[in-house]
Amino acid sequence: MSGLQGVGLLLLWTSACLWLPGLSRGTLVISGDHEALQEARGAAKSLQKRSTNKATVEVYSMKVDCTVTSRFAHTVITSKALNKANFSQEISFEVELPKTAFITNFSMEIDGQMYVGEVKEKEKAKKQYEKAVSSGQTAGLVKASGRKMEKFSVSVNIAAESNVTFFMTYEELLQRKLGQYEILTRVKPKQPIQEFQIVTNIYEPQGISYVDANATFFSNELLPLVEKRVTGNKAHISFSPTMEQQRKCPGCDGTLIDGDFIIKYDVNRAKSLGDIQIVNGYFVHFFAPPDLPTVPKNVAFVVDRSGSMSGRKIEQTREALLAILEDLSEEDHFALIQFDDSIDSWRTSFTKATKENVAAGMDFVRMIKDRGSTNINDAVLKGINMLVKDRQEKKLPERSIDMIILLTDGMPNTGEIHLPKIQENIHTAIGGNISLFCLGFGNNVDYSFLDVMSKQNKGVARRIFEGSDAAVQLQGFYEEVASTLLSEVDLRYPDNAVDSLTTNHYRQFFKGSEIVVAGRVMNNDLDNFMVEVFGQGFEEDFKVQGQATAVDWDTIYPDEEYIFGDFTERLWAYLTIQQLLENSKKGAEDEKANATAKALEMSLHYSFVTPLTSMVVTKPETEDGPDSPVIADKMTEEQRQQAERVSHRYTAPSYAYRLPAQPTYFVDGDPHFMIELPERDDALCFNINGIPGTIFNLVRDPEQGILVNGQIIGDKKIAPDGKMNTYFWRFGIIHQTLGVRLEVSTQDISVLQDGKWVKLLWSDTASVKGLNVDLLLTKDHSLTVTLKDSVKFVVLLHKVWVKHPYHRDYLGFYTVDSHLLSPSVHGLLGQFYHGIEYEVSGLRPGEVPEKPDATMYVKGQELNVTRGWQRDFQRDVKNGENVPCWFIHSNGTSLIDGAATDYVVSGLFKTV
């Protein structure tokens, strides 16, 4: 059964999230007019259709059960649904989980039969995925969801009057930041659920110092429904509102529950040695000593002021820097360096953070303005050289920490631009003596480049997301690393007692954080388990040692012993795999390869879904269709960024197994043509200006008999600025071989098959399956047209306020699976379906500061192009998403074959 047929009823969690679309109450309606529906049934017997006036899927239970044992969180999500219809249909499960978590199980129980997931090497899972995609089946997808989460979704076909239960389990080690741990559960049900429950149990032998539970959606009515019990070393938090308590108002379907449910807690910290727990042959050591003085720091702020930082970015950077400078301690020293293609430093050496100097530095920050290109190499080297020089001249305190914080939003494009060479230069200059923290602002920055460069130099990278809170993100990151309590921290254990240690040397220990070391205990030799911790403090060295003893869990939790099991071993495995994945990005090639191989081996052994593995669930062949693998995957931060940068929504942008990664082609807006090229992380765009009423050929494939034409319409009248916008308002789509003809306008959709017309209204929601074409119509939003064994088109409807003085409703046209068309395909869009070769160089300032110009070499021509952006509306039809692209001027001249007028045709279904 096609993934477009049937109800896509989504069960959505985060830690667990539930989404019940409005479609569930009136899906698959072909026309709101009863007579029109009857006529349609008689007119096109080959079209299969169903209509319903009530929900045909009942979601009757959603539960999330989280158990935290010594910071190691084990979360199980269970969702139950019943297909109440007398026909089979698709039910979709969607779960959002923290991006730091590893999925350990995904299973489905369908009519009493359990289908359990199996973790496989990614390449092996890939073959099953490719088989599913090639046969048109639905496979699991993983994509980014905001800053902290990633989303897994899958659809399965469920027989009439059958039950399905979905199970998802994931595990993660909670990280302490700013003095607390956080458990985040995102809940977004669209209507009340009969059995709705979030339960969290926290077990911390050290004792729990505080627990707070809150939610972004809490009201005075919902807050009292949170049950919270804390008894020394155990906490229980639950939230299970009744259906009536979930409702926005008595009797209405809307729900109050929509947002994040957040638990924050910390543990008691009485010992400077930290807390050591030994269970079943593995130990874990949590080190976060209280009441240590802060070590002074010498920090160079290296700030990108290139043209791409213009506008809100540079404003937020200034705002954040001003707040950060105010928080400097008088014992700190600081330097300010701003760069584009030139480098300007505030002063030639580091300055002590007295009130007077900070005030002067803030004046310098206020003057930072965007201007030229980006020379990252020389800017960072400038900061390093200042630190080295001041150290040599003994201008900085001996017991102090040296760090550089780089903020940039783009790629180096002047000076040294070869990324490995920049990394080599900086690593050599730092010589292991300085920590480099890299902040990547927005989506155009190469995060992988910054991530590796930070890890090579004892720092971390962090993405700063564009948004109104970017300045808060910058301040938040600085707050995490601003207060160093110890440097060069060594945690030592007897060689003859432990092996398989995780990282036990840390360059810095920050206030409010925690160092975690785990390992295996040899022969359970606990009589000689001495632990020593060394570090450099503010005024003296930090030294502490003590005898580790095993925690008697049965005594501490006499009624809960069955819960804990092998958590220390799994915590050790989780931490080891995370560190191996980090090591696979740095060092010599053989070291990277060894780290990758070991991480893969452990991922398979412990059934963790990591970037190297996938979890496969196969539902055996049934009368409803062949076996259909479901794949749970894991994203890297680079994949998350690419998914956000390239809006390639209809072919699973963030899933690692696209076959192959196909470009996206669309026309939308005034009208803007876009060619997105994910394999190059790039896009090309151009506009076509025409006279209202003109019909353009967009796609023509003579071998397959496919034709797509579009007619433009103008604004109601010329605006005061003298501009007349034009848009596509009508498309004609033909597949001559299949005998399919569609006319899509801003008013309605007509489909002709076997000589009969069927009309659909944009006010409908409908799923129509024919022998040669599938249609999925989402009310007032989109029409997906899937031609048998061929291409898929998506038409978006943009509705404008009816009384708008100038603008009209218009359509956007998007192509999916274009690689299935023949090599002879052409048209304004079609000519690009099989790729376009071009090179861009010579970046230079343009007329608008944030839109630089460059030279493009394409089709033997040399063009002046401009870096700008266009909006992709596939995910958000109202606001769209900005996609950076190289804009080709003058109706795409020299990019398109011939001139725009060569694509004008005489009728909506004509070729000339």
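Nothing here was measured: the structure is a model prediction, and the numbers come from that model.

Novice: Sorry, what's going on with the sheet that holds strand E19 (residues 282-287) here?
Specialist: Note: strands within a sheet are paired through backbone hydrogen bonds, in either parallel or antiparallel orientation. An order of E18-E19-E30-E28 is seen for the four strands of this open sheet, with the pairing classed as antiparallel. The open sheet has two edge strands with one neighbour each: strand E18 (275-279) and strand E28 (498-499). With two bridges connecting them, E28 and strand E30 (residues 515-521) associate as antiparallel partners. When the sheet's bridge partners are listed, Asp499 is paired in E30 with Arg520.

Novice: It is not clear to me how the pairing of strand E15 (residues 226-230) should be interpreted in this structure. Could you clarify?
Specialist: Side-chain positions along a regular strand alternate between the two faces of the sheet. Inspection of the sheet shows E15 paired to strand E16 (residues 234-239) by five bridges, in the antiparallel sense. Opposite Val230, over in E16, you have Ala235 as the bridge partner. Count of turn residues in the E15/E16 antiparallel hairpin: three residues, of which Gly232 carries a positive phi of about 70°.

Novice: It is not clear to me how the sheet that holds strand E14 (residues 208-215) should be interpreted in this structure. Could you clarify?
Specialist: Pairing is antiparallel across the open sheet formed by three strands, whose spatial order is E12-E17-E14. The sheet is open, and its two edges are formed by strand E12 (181-187) and E14, each paired on a single side. Within this sheet the neighbouring strands show an average axis-to-axis angle of 10°, counted without direction. In the sheet, E14 pairs with strand E17 (residues 259-267) via seven bridges, with the strands oriented antiparallel. Paired with Ala215 across the bridge in E17 is Phe261.

Novice: It is not clear to me how the packing of helix H11 (residues 567-583) against helix H12 (residues 589-605) should be interpreted in this structure. Could you clarify?
Specialist: Angle between the axes and distance between the axes: these two values describe a pair of packed helices. H12 packs onto H11 with a crossing angle of 150° between their chain directions and a minimal axis gap of 8 Å. In terms of axis orientation, H11 runs roughly antiparallel to H12. H11 and H12 meet at a crossing whose hand is left-handed. Residues Trp572, Ala573, Thr576, Ile577, Leu580, Leu581 and Asn583 of H11 form the contact with H12, whose own contacting residues are Lys592, Ala595, Lys598, Ala599, Met602 and Ser603. By residue class, the composition of the contact of H11 with H12 is eight nonpolar, three polar and two charged.

Novice: Explanation requested: unusual backbone geometry in the structure shown.
Specialist: One non-glycine residue, Arg71, lies in the positive phi region at around 75°. Along the polypeptide, Arg71 turns up in the loop between strand E3 (57-69) and strand E4 (72-83). With a phi angle near 55°, Ser607 is a residue other than glycine that sits in the positive phi range. With respect to the helices and strands, Ser607 occurs in the loop between H12 and strand E33 (613-619).

Novice: Help me understand the packing of aromatic side chains in this model?
Specialist: Geometry of an aromatic ring pair is reported as the spacing of the ring centres plus the angle between the planes. Inspection of every chain in the model, using the stated rule, returns 32 aromatic pairs. Taken together, a centroid distance of 5.0 Å and an interplanar angle of 35° make the contact between Phe793 and Phe813 tilted. In this pair, Phe793 is assigned in strand E47 (residues 792-798) and Phe813 in strand E48 (residues 810-816), connecting sequence segments 20 residues apart. By relative accessible area, Phe793 is classed as buried at 0%. The class for Phe813 is buried, based on a relative accessible area of 0%. Through successive ring pairs, a cluster of aromatic residues spans Phe72, Phe102, Tyr282, Trp572, Tyr574, Tyr606 and Phe608. Here Arg867 stacks its cationic end above the ring of Trp886, 4.7 Å away from the centre of that ring.

About the cut-offs
- Residues numbered from 1 in each chain as written.
- Predicted model: local features only at pLDDT ≥ 70, side-chain atom pairs only at ≥ 80, totals over all residues.
- Heavy atoms only, no water.
- Pairing = 2+ DSSP bridges.
- Helix = DSSP H or I, 4+ residues; strand = E, 2+ residues; numbered from the N terminus.
- Axes fitted to C-alpha atoms, helices over the stretch in contact; angles between N-to-C directions.
- Parallel < 35°, antiparallel > 145°, perpendicular 65-115°, else oblique.
- Left-handed = near helix turned anticlockwise from the far one by under 90°.
- Contact = heavy atoms within 4.5 Å.
- Nonpolar A, V, L, I, M, F, W, Y, C, P; charged D, E, K, R; others polar.
- Phe/Tyr/Trp six-rings, centres within 6.5 Å; stacked < 30°, edge-to-face > 60°.
- Buried < 20%, exposed > 50% of the residue type's maximum accessible area, 1.4 Å probe, protein only.
- Lys NZ or Arg CZ within 6 Å of the ring centre and 35° of its normal.

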